Amino acid sequence: MNPSTVLASSTVGRSFGSLPWKIISYLIAAIVIIPILVIFTQWGTVGYGEQAIWQHLFNTKLDRLLLNTVVLLFGVGFGVTLLGVSLAWLCSVCDFPGRRVFEWALMLPLAIPAYVMAFVFLGMMNYAGPVQTALRGWFGQDVYFPNVQGSGAVIVVLSLVLYPYVYMLARSAFVAQGRQILDAGRILGKSYWQAFFRLAIPVARPAIVAGIALALMETLADFGAVSIFNYDTFTTAIYDAWYGLFNLAVAAQLASLLLLFVALMLVLEQKGRAQARYIQKSSRNLRPYQLRGGRALAASAYCTGIFLIAFALPFAQLVLWAMEIVAEEFNPRYWSFLFNTLGLGVIAALATTVFALMLAYVKRLPGAARERRWQGLAIRVSTLGYALPGSVLAVGIILSFTLLDQALVSAAREMFSLSIRPFLVGSLFALVLAYSTRFMAVAFAPVESGFERINPTVIEAAKSLGSSPGRVLRQVYVPLLRPGILTALIIVFVDVMKEMPATLIMRPFGWDTLAVRIYQMTAEGQWERAALPSVTLILLGLIPVILLIRSGRPAQI
Amino acid sequence: MIRYYVFFILSLILLQACSQDSPADAQQNNAGDQDSPRISPADAAITSPVIVYSSRQEHLIKPMFDRFTEETGIEVQYQTGEEGPLIARLQAEGEMTFADMLYTVDAGYLWTAADRGLLAPLESEVLQNNIPAHLRDPQGRWFGLSVRARTIVYARDRVEPSELSSYEALTEPRWQGRLCLRTSKEVYNMSLVATMIERHGEAAAQDIVEGWVANLAAPVFSSDNLVLEAIAAGQCDVGLVNSYYLGRKIAEDPEYPVALFWANQDSSGTHVNISGAGVTRHAQNPQGARRLIEWLSTQEPQEMFSELNLEYPANPEVMPTAIVRDWGSFNQDQINVEAAGRRQAEAVMLMDRADYR
């Protein structure tokens, strides 16, 4: 039962002044949704050329692409769940040597762009790379080695960079539920593992699923990593249609199918979760399970291994490359790349998180059933931007903002006989909104799963004491949501800094960021030259993590 | 919380105010700078900056634009990005666009931009003299400025140059399990196959592509660099790459075990693609853009193309840089590069059918 539907029928609910909140939230939703809807409008263009391309896709490679995509989704889904949940559990409920460090260190792979990881992996593992060369040296020319461009390799690489989404969300859920629930299970005579799978996991399910959904949406949107492996997916087909066949309409049509698929999955998950609700009891400060002996060693070794493979090794390789070129690459302009990147990251993270908070909150304000359904749909659509390949969304954004620009210019001309130039496209304002469109899902997931754990009685108490919606949000929700909000801020911050396609096309003239710099190097195949901006990007990604540690509350991330 | 909103909105406005170096502002700045002594009489009319949308990367264009500004006093602003979104933006902006000039690294994109009416024809004697006919649009909407040759490379120790002749001959059984290729998603391969369709017809071109696929030693790679490294490591013996990728390897290591062979010298000539530019249809400063393109076709910038990225000058009067000169001169395929754009979609579909991934 949704707490706010209860409220809607109560007298307290009716006197609750929520209209301004709704208006603002709907405005935000509209801004975020329009660029996504623009993609769907491309179905208006189905001429002879488009039909021929669709026919061609059916005849040649659509089945292979779909199979590849499904294999990738299952593989990455499995990989991130396994890594994310196990690491989150170890680092939140157990104690073992090094846990304090792993707690935050295991988030770091988030800062490594997927295509960088893919490039480093392929460079090390392919025929010409050090691993296979060494093997041939020891065992002769015909030594067997698995295909480094096959689905297995792509799944490993994407799982390694994407598991932090599951890790971060699952961890905040595990921290919130503590070991209490597990103890309850043990008292009821269940084994440790039974209690884990039957109790701890289901209770953390909304958070875990939200993390997996983020990882899978990013998998679907990924173009950089899969194209380094030349592994064809639905997304590469979108680019083929656009860049190869010069048909943006078919590209957008394919992209919209991708979105429908994602929306369907999200709805199914929601239905599967059905009415189950798990409410947070304050349960901090309970002693974690102290692991000893072999178990402690195994836990430390596991965390160390993942940290090495997912972060330390690729980072070390990047640092090596960066040192080779630091002298010629580094110049005073580099500082401006750095500040641009930081500034955009901070502003976009704040904006997107505030937007997400408002959207999640307005869902909880009283409203009629019909209104509620529309709200649900609008919120769903507004989070879809994350599953769109970046360049496709960038086009949606460009189209909607140029339309707005044109409207403003002609309005100024007709109403005030002013002659102005278009000013939205290529402005920072539009760029920040573009980031919000792209990363709404990333901010929404942790905020929403935080909301879901809040005990509705607390809120009802606040309302019955006469608090306004603004005050309830400020003084009750926000403090309770702190962990979720921090998670949202960090992930959006890091994601915005890594973002490339929208930044490239929307940035103001001459406003370069580190990601733009990386693109400029890699576009000509000079991966090594991109090492310095990559390393800098990763170091910047450490800042929020360090701030959290210094504020002394790593347990609440 | 309200405080935070206010802070946030204020900071946005501030950032906007500080950073928006909008072209309109720049125009005013430049207008105030009119009595700059550098401007020669011929350029006196061009006072506003030229704004370029470029898919060619900053480190390859900025040195040239800086020289241009030094010489003519005309400022150049540029927005770099991927071809697809840049062209989509140009199209969406319509007559309100900022761009005066579009610069891309492949004839196909220039052809598409021209095909959608985004580029204006340019009557220029300078360009007609400096740029050979097969490297520019027959209707004068875009002009090749540098030439990128895609040709055969081979392992020095395992292949005799006498065994090699043409792209077509790489389908022979003797190359079974010895050929490495880059993915068909790379535009360079699309344009190579497109010109083959233009020359041999679709059926014959498909036979050739299928022959290549049958000879592959490994799954196709995602970059020319990986192809070169695979040949150097012994995974395969021959491959197709753009010459400047090999040039970079040789610049790092003069003993690099891979060498270059000019394909099809006894027949059609080696396949070339271009980087090139055109003036946008709705340019605010078409004269400035025209000046820039014309200037880029002259001696000094043409040499810079070759030095900066080891490409070939489009202007046949200009000598390429040293590493490139070592490979000797070669005959270029004389089919107009426009065919690469016109037939690109056909080529992509053909490669799909041939299972060239």
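Rules used throughout
- Residues numbered from 1 in each chain as written.
- Chains lettered and ligands numbered in written order.
- Predicted model: local features only at pLDDT ≥ 70, side-chain atom pairs only at ≥ 80, totals over all residues.
- Helix = DSSP H or I, 4+ residues; strand = E, 2+ residues; numbered from the N terminus.
- Rg over C-alpha atoms; globule rule 2.2 N^0.38 Å.
- Buried ≥ 20, exposed ≤ 12 C-beta atoms within 10 Å, placed from the backbone.
- Contact = placed C-beta atoms within 7 Å.
- Nonpolar A, V, L, I, M, F, W, Y, C, P; charged D, E, K, R; others polar.
- Domains from an automatic or database assignment.
- pLDDT = per-residue confidence, 0-100.
- Axes fitted to C-alpha atoms, helices over the stretch in contact; angles between N-to-C directions.
- Parallel < 35°, antiparallel > 145°, perpendicular 65-115°, else oblique.
- Left-handed = near helix turned anticlockwise from the far one by under 90°.

With that settled, consider the overall build of chain A. Secondary structure summary: chain A contains 24 helices and two strands in total. The globule rule puts the C-alpha radius of gyration for 557 residues at 24 Å, and the 24 Å found for chain A is close to it. Taken along its principal axes, the extent of the C-alpha atoms in chain A is 80 × 75 × 55 Å. Counting across all 557 residues of chain A, residues that qualify as buried make up 51%. Looking at chain A alone, contacts between residues at least 24 apart form 83% of all its contacts between residues at least 6 apart.

Taken residue by residue, the interface counts 52 residues in chain A and 53 residues in chain B. Those elements that provide at least two residues to the side of chain A that touches chain B are helix H4 (48-60), helix H12 (224-228), helix H13 (234-244), helix H16 (333-362), helix H18 (390-416), helix H19 (428-453) and helix H22 (501-506) of chain A. Here the side of chain A that touches chain B takes nine residues from H18(A), the largest share from any one element. Within the side of chain A that touches chain B, the residues separate by chemical class into 29 nonpolar, 16 polar and seven charged.

For the rest of this paragraph, the subject is the domain arrangement of chain B. All names here are of chain B. Its domain assignment divides chain B into domain 1 (46-147 + 273-320) and domain 2 (149-271 + 326-353). The C-alpha-based centres of domain 1 and domain 2 are spaced at 27 Å. Across the boundary between the two partners, domain 1 contributes 18 residues, which contact 18 residues of domain 2. Contributing elements (two or more residues each) for the side of domain 1 that touches domain 2: helix H5 (107-115), strand S5 (143-155) and strand S9 (271-280). Ranked by residues supplied to the side of domain 1 that touches domain 2, first place goes to H5 with five residues. When grouped by side-chain class, the residues that make up the side of domain 1 that touches domain 2 number nine nonpolar, six polar and three charged.

In the predicted model, chain A carries a mean pLDDT of 84, and the fraction of residues at 70 or more is 92%. Averaged pLDDT values over the elements of chain A bottom out at 41 in helix H2 (residues 11-14) of chain A and peak at 94 in helix H5 (residues 62-93) of chain A.

Time to look at the packing of H16(A) against H19(A). All names here are of chain A. Packing of H16 against H19 leaves a shortest axis separation of 7 Å and a crossing angle of 50 degrees. Judged by the angle between their axes, H16 and H19 are oblique. Judged by the twist between their axes, the crossing of H16 over H19 is right-handed. Residues Ile347, Ala348, Ala351, Thr352, Thr353, Phe355, Ala356, Leu357, Leu359 and Ala360 of H16 lie in contact with H19, whose contacting residues are Val432, Tyr435, Ser436, Phe439, Met440, Ala443, Phe444, Val447, Glu448 and Phe451.

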